[in-house]
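Report on the structure
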Amino acid sequence: MAATAAQMQTTLPPEDHEAMLDLSRFLGQVAEPAALVGPDGQTVGLPAEVHRVLMDVVRAMSQGRAITVAPVDQVLTTQEAADFLGISRPTLVKLLESGRIPYERPAAGRHRRVRLADIVAYQQQSAQERSGTLDAMTREAVDLGLYEDTAADYTAALRRARKG
């Protein structure tokens, strides 16, 4: 099943980034989840999860990035999955065939389908693997005397830089 407009929606950032930057600065100062105020003045509190998603969306859009909203159980074509990961379709197919990412093949079809949740899990696992490799390389460089700082100090600096 391919994604439909009702299931998945991509929104481009506004051309005028100033309003988005203002909203980003405002949300950056709000420690607790905010509330929505309707046109009739009715106020509804935002659950913490929705507040975090809103902050992520505003942060990305204020950087000029488009946002796609889709349910986690969304099923993607191989091209959609490759686009999500920012890789080519042949590279994605290799990952599928190697077992790194699970996929389904409908009984009557020859096309592969990939769950968005599996793509996100692969993306997170890959990020953790890269981070672990970088940490190991850093520790090795420190052990070899290539850095004056201790491994703990340098690793902490890397973590701060990644968060920034």
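Rules used throughout
Residues numbered from 1 in each chain as written. Predicted model: local features only at pLDDT ≥ 70, side-chain atom pairs only at ≥ 80, totals over all residues. Heavy atoms only, no water. Helix = DSSP H or I, 4+ residues; strand = E, 2+ residues; numbered from the N terminus. Buried < 20%, exposed > 50% of the residue type's maximum accessible area, 1.4 Å probe, protein only. Contact = heavy atoms within 4.5 Å. Areas by Shrake-Rupley, 256 points an atom, 1.4 Å probe, with all protein chains shown as cover. Axes fitted to C-alpha atoms, helices over the stretch in contact; angles between N-to-C directions. Parallel < 35°, antiparallel > 145°, perpendicular 65-115°, else oblique. Left-handed = near helix turned anticlockwise from the far one by under 90°. Nonpolar A, V, L, I, M, F, W, Y, C, P; charged D, E, K, R; others polar. 1 Å grid on protein atoms, 1.4 Å probe; cavity = no way out; pocket = protein on both sides within 12 Å on 5 of 7 lines; lining within 4 Å. Points joined across faces, edges and corners; volume = space filled by probe spheres on them. Salt bridge = Lys/Arg side-chain N within 4 Å of Asp/Glu carboxyl O.

Our focus in this paragraph is the overall build of the protein chain. A count of helical and extended segments in the protein chain gives 6 helices and 6 strands. Classification of the 164 residues of the protein chain by burial places 23% in the buried group. Residue pairs in contact within the protein chain that sit at least 24 positions apart in sequence constitute 53% of those at least 6 positions apart. Total accessible area computed for the protein chain in this model is approximately 11,400 Å², and 55% of it derives from carbon and sulfur atoms.

Looking now at the packing of helix H1 (residues 18-29) against helix H2 (residues 48-62). Two quantities define a packed helix pair, namely the angle between the helix axes and the distance between the axes. Relative orientation of the contacting elements H1 and H2 amounts to 140°, with a least axis distance of 9 Å. Considered as vectors, H1 and H2 are oriented oblique to each other. H1 and H2 meet at a crossing whose hand is left-handed. From H1, Met20, Leu21, Leu23, Ser24 and Leu27 reach across to H2, where they touch His51, Leu54, Met55, Val58, Met61 and Ser62. Grouping the amino acids of the contact of H1 with H2 by side-chain chemistry returns 8 nonpolar, 3 polar and no charged.

Attention now moves to the environment of leucine 95. Mapped onto the secondary structure, leucine 95 falls in helix H4 (residues 89-97). Sequence separation between leucine 95 and tyrosine 122 is 27 residues, and the spatial gap between their C-alpha atoms is 9.8 Å. Once residues lying within four places of it in the same chain are set aside, the contact partners of leucine 95 are Ile87, Arg100, Ile101 and Tyr122.

This brings us to the layout of surface pockets. Taken as a whole, the largest pocket encloses approximately 780 Å³ of empty space. Along the wall of the largest pocket there are 21 residues; nearest its centre are Ile67, Thr68, Val69, Ala70 and Phe84. For the lining of the largest pocket, the secondary structure elements donating two or more residues are H2, strand E4 (67-69), helix H3 (78-85) and helix H5 (116-143). The greatest single-element share of the lining of the largest pocket, amounting to 5 residues, is contributed by H2.

Another point: the pattern of salt bridges. Inspection of the entire model under this criterion finds 7 salt bridges. Close ionic contact of arginine 59 with aspartate 56 constitutes a salt bridge, the shortest N to O distance being 3.0 Å. One end of the pair is arginine 59 and the other is aspartate 56, both in helix H2 and 3 residues apart, which spans about a single turn. Taking the relative accessible area as the measure of exposure, arginine 59 reaches 40% and is therefore partly exposed. Arginine 100 serves as the salt-bridge partner of glutamate 129, at 3.4 Å between the closest nitrogen and oxygen.

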